[in-house]
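Geometric and topological summary
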Amino acid sequence: RVSALGPNLVVVTGDFMSLGTPDRADEVARVFEHLSPPPLGCVAVLGNHDYGERWSDPAVADHLVRRLTGAGVTVLRNEVRDVAGLRVVG
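Below is a summary of the structure that appears in this document. (Residues numbered from 1 in each chain as written. Predicted model: local features only at pLDDT ≥ 70, side-chain atom pairs only at ≥ 80, totals over all residues. Heavy atoms only, no water.)

Across 4 bridges, the pairing between strand S4 (residues 80-83) and strand S5 (residues 86-89) is antiparallel. Note on S5: the bridge partner recorded for Asp-82 is Arg-87. Joining the antiparallel neighbours S4 and S5 is a turn of 2 residues, in which Ala-84 adopts a positive phi near 50°. (Pairing = 2+ DSSP bridges. Helix = DSSP H or I, 4+ residues; strand = E, 2+ residues; numbered from the N terminus.)

Next comes the structure, spelled out in structure tokens:
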């Protein structure tokens, strides 16, 4: 549905999953693998639910970031990106 809208930029503001596990991270990445790459890209930040049970497992978040990056998503972790003059902070 998102690809059909033809966005120039896609921004995802976290909480890709609930009760995050590595299996869930793989499911999330598969969704993004079907997104047609927008001209200005896809940028995201993580939410607290992306850090596993009790939001305290950075390994779950790290796995999710690797999978999303492999699917063409730029995940900002305490970073700033300039996207066509727009500063995106995450």
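And the narrative resumes.
Further remarks concern the side chain of Asp-50. Looking at where Asp-50 falls in the secondary structure, it is placed in the loop between strand S2 (42-45) and helix H3 (58-70). Nearest to the buried, unbridged Asp-50 among oppositely charged side chains is Arg-77, at 9.2 Å. Within the structure, Asp-50 has its side chain in polar contact with the backbone nitrogen of Met-17 (distance 3.2 Å). Excluding its chain neighbours within four sequence positions, the residues that come into contact with Asp-50 are Gly-14, Asp-15, Phe-16, Met-17, Val-60, Ala-61 and Leu-64. (Buried < 20%, exposed > 50% of the residue type's maximum accessible area, 1.4 Å probe, protein only. Lys, Arg positive; Asp, Glu negative; His and termini not counted. Salt bridge = Lys/Arg side-chain N within 4 Å of Asp/Glu carboxyl O. Polar contact = N/O pair within 3.5 Å; in protein donor to acceptor, adjacent residues only side chain to side chain. Contact = heavy atoms within 4.5 Å.)

Relative orientation of the contacting elements helix H2 (residues 22-33) and H3 amounts to 20°, with a least axis distance of 9 Å. Comparing the axis directions of H2 and H3 gives the class roughly parallel. When the axes of H2 and H3 are compared, the crossing they make is right-handed. Contact residues: Pro-22, Ala-25, Asp-26, Val-28, Ala-29, Arg-30, Phe-32 and Glu-33 in H2; Val-60, His-63, Leu-64, Arg-67 and Leu-68 in H3. Here the contact of H2 with H3 is composed, by residue class, of 8 nonpolar, 1 polar and 4 charged. (Axes fitted to C-alpha atoms, helices over the stretch in contact; angles between N-to-C directions. Parallel < 35°, antiparallel > 145°, perpendicular 65-115°, else oblique. Left-handed = near helix turned anticlockwise from the far one by under 90°. Nonpolar A, V, L, I, M, F, W, Y, C, P; charged D, E, K, R; others polar.)

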